Amino acid sequence: MGTADGTAVLLSTKANAMADWAEALRALDPTLEIRLFPDAGDPAAIEAAVVWTEHDMAELRRYPNLKLIVSMGAGVDHLLRPPGPPPGVPVARLVDERLTQGMTEWVLLNVLRFHRQDPEYRAQQAARVWRELPAPDTAARRVGILGLGALGAAAARALRGLGFPVMGWSRRPKALEGIECFHGAEGLSAMLPRTDILVCLLPLTPQTRGIVGRDLLQSLPRGAYVINGARGGHVVDADLLHALDTGQVAGAALDVFEPEPLPADHPYWSHPKVFVTPHAASITIPRSAAPQVVENIHRVRAGRPLINLVDLAAGY
Ligand code: NDP
């Protein structure tokens, strides 16, 4: 495959991460011939492409022998939007312990921030007010998670471990110990009115785009919190801002936006009830994620089934 002694892999992302990826992949398999985009060399030699959001999918059509595309993150919406990957080329994504750990930490941070009335205490500190607020009751603070995949299930377990009653929603029926599981449209309608803190960890697909909009927000109990660590396209910004301003939603923690970077004049930046992080909830660590990428390169070379394969029809 590729060159006489190994597989040629095209790497494409921001320069610093590209160098880390190249080092991590080479350390695992020195026979891999790593080409850093845009210096792809002979297009016919490229058999695997490891890419991130900024890479243009139309560009990947230049490589006639491409046999594998790997996303450098858990999400693949950027790879699937038109024109999508070249027909017939499988796409894999990352399922990585440290990526999952990062997201779990970010979710816990924000659930605890709202649960422990941190915004209120910060405001009191600013005004030098010494006042104890009503005791937060963990056993009564119901958390509902949209998406029970690698990230959603891990966050659900961690929250459950802290004593929160946790519910989760997926496309297909699921059973997770200690988590009340819902699926489909009916399941969502049942879960939302009982959700005090909503956490979105869905993939962005045509079915989930705009899901955190007026109807969903109205279905939450008044004063609920919204945490979005998935994709900006899940949230209808105008509807969330309206819900915040009317008190239907008491606070929001948002890591992802559409577009990114969040424009400097966006109301989220200065909204007193909104906590913004710059798509930093969980960042891929190449050293940690590289083994599964090399494994897939070896599998594709041997004609064996791939791991962490994306279901192109389902869109995630
Ligand atoms: P998975 O594919 O493992 O899980 C997706 C979950 O969403 C599954 O439970 C799936 O249901 C559910 N789902 C998908 N479509 C629907 C639908 N139409 N209705 C109901 N449930 C649905 O993804 P991950 O957990 O690995 O990642 C989730 C997302 O998090 C990524 O796609 C990415 O966008 C985002 N992300 C954000 C990061 C950040 O730093 N902000 C970092 C990493 C990821 P089922 O179980 O039935 O398939």
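Analysis parameters
Residues numbered from 1 in each chain as written. Predicted model: local features only at pLDDT ≥ 70, side-chain atom pairs only at ≥ 80, totals over all residues. Heavy atoms only, no water. Near = heavy atom within 4 Å. Polar contact = N/O pair within 3.5 Å; in protein donor to acceptor, adjacent residues only side chain to side chain. Areas by Shrake-Rupley, 256 points an atom, 1.4 Å probe, with all protein chains shown as cover. Helix = DSSP H or I, 4+ residues; strand = E, 2+ residues; numbered from the N terminus. Nonpolar A, V, L, I, M, F, W, Y, C, P; charged D, E, K, R; others polar. Salt bridge = Lys/Arg side-chain N within 4 Å of Asp/Glu carboxyl O. Buried < 20%, exposed > 50% of the residue type's maximum accessible area, 1.4 Å probe, protein only. Pairing = 2+ DSSP bridges. Right-handed = clockwise from strand over helix to strand, strands pointing away. Contact = heavy atoms within 4.5 Å. Axes fitted to C-alpha atoms, helices over the stretch in contact; angles between N-to-C directions. Core = buried A, V, L, I, M, F, W, Y, C linked by side-chain atoms within 4.5 Å. Phe/Tyr/Trp six-rings, centres within 6.5 Å; stacked < 30°, edge-to-face > 60°.

**Considerations on the site of the ligand**
The environment of the ligand is formed by 28 residues, the closest being Arg93, Leu151, Arg172, Lys174 and Tyr316. Between the ligand and Leu151, the relevant distance is 2.9 Å, taken from an oxygen atom to a main-chain nitrogen or oxygen of the residue. When the free accessible area of the ligand is taken as 940 Å², the share hidden by the protein chains comes to 94%. The set of elements that each furnish at least two residues to the shell around the ligand consists of helix H5 (150–161) and strand S7 (166–170). For the shell around the ligand, a count of residues per class yields 13 nonpolar, nine polar and six charged.

**Notes on the pattern of salt bridges**
Applying the stated criterion across every chain yields a total of 10 salt bridges. The salt bridge partner of Glu33 is Arg35, with a shortest N-O separation of 2.3 Å. Accessibility expressed as a relative area gives 26% for Glu33, which makes it partly exposed. Across the pair Glu47 and Lys67 runs a salt bridge, and its minimum N-O distance is 3.2 Å. With Glu47 in strand S3 (residues 46–51) and Lys67 in the loop between S3 and strand S4 (68–71), this pair connects stretches of sequence that are 20 residues apart.

**Thoughts on the pairing of strand S6 (residues 143–146)**
Residues Val143 and Ile145 of S6 are buried on one face, and the alternating residues Gly144 and Leu146, pointing to the opposite face, are buried as well. As defined by bridge partners, S6 adjoins S7 across four bridges and the pair is classed as parallel. By the bridge assignment, Leu146 is partnered in S7 with Trp169. Handedness of the β-α-β unit built from S6, H5 and S7 comes out right-handed.

**Quick look at the sheet that holds S4**
The sheet built from five strands is open, its strands ordered S2-S1-S3-S4-S5 with parallel pairing. On the outer flanks of this sheet lie strand S2 (33–36) and strand S5 (91–92), each paired with one strand and no other. Here strand S1 (residues 8–12) runs beside S2; their pairing, made up of four bridges, is parallel. Directly across from Leu10, in S2, lies its bridge partner Arg35. The sheet contacts of helix H10 (residues 286–302) involve S1, S3, S4 and S5, and relative to S4 the element is tilted by about 170°.

**Remarks on the nonpolar core**
Core analysis: the largest hydrophobic core is formed by 30 residues, its most contacted members being Leu146, Leu216, Leu217, Leu240 and Tyr268. Those elements giving two or more residues to this core turn out to be S7, helix H6 (184–191), strand S9 (197–200), helix H7 (214–219), strand S10 (224–228), helix H8 (237–246) and strand S11 (249–254). Looking at this core, the element that brings in the most residues is H8, giving four residues. Aside from chain neighbours lying at most four places away, what touches Leu217 is Val212, Val226, Asp239, Leu240, Ala243, Gln248 and Val249. One finds Ala22, Leu68, Met72 and Leu306 within the second-largest nonpolar core, a separate group that totals 25 residues.

**Thoughts on the environment of Ser170**
Along the chain, Ser170 turns up in strand S7. What makes Ser170 buried here is its relative accessible area of 8%. In this structure the C-alpha to C-alpha distance between Ser170 and Leu202, which are 32 residues apart in sequence, comes to 8.5 Å. Apart from residues no more than four positions distant in its own chain, Ser170 is found in contact with Leu148, Phe182, His183 and Gly184. Of note is the side chain of Ser170, whose polar atom sits 2.7 Å from the backbone oxygen of Arg172.

**Some words on the side chain of Gln292**
Tracing the backbone shows Gln292 in helix H10. Residue Gln292 is classed as buried on the basis of its relative accessible area, which comes to 11%. Within the structure, the side chain of Gln292 is placed 3.0 Å from the backbone oxygen of Val95, a separation counted as a polar contact. Ignoring sequence-local partners within four residues, the contact set of Gln292 consists of Arg93, Leu94, Val95, Asp96, Ile307 and Asn308.

**Some details on the packing of aromatic side chains**
Considering all chains together, one arrives at three aromatic pairs under this definition. With centroids separated by 4.5 Å and ring planes inclined at 15°, the aromatic side chains of Phe114 and Tyr225 adopt a geometry described as stacked. A residue pair is termed long-range when its members are at least 10 positions apart, and Phe114 in helix H3 (residues 97–115) and Tyr225 in strand S10 qualify at 111 residues. Pairing Phe257 with Tyr268 gives two aromatic rings, centres 5.9 Å apart and planes at 55°, and the pair type is tilted.

Keep in mind these values describe shape, not function.
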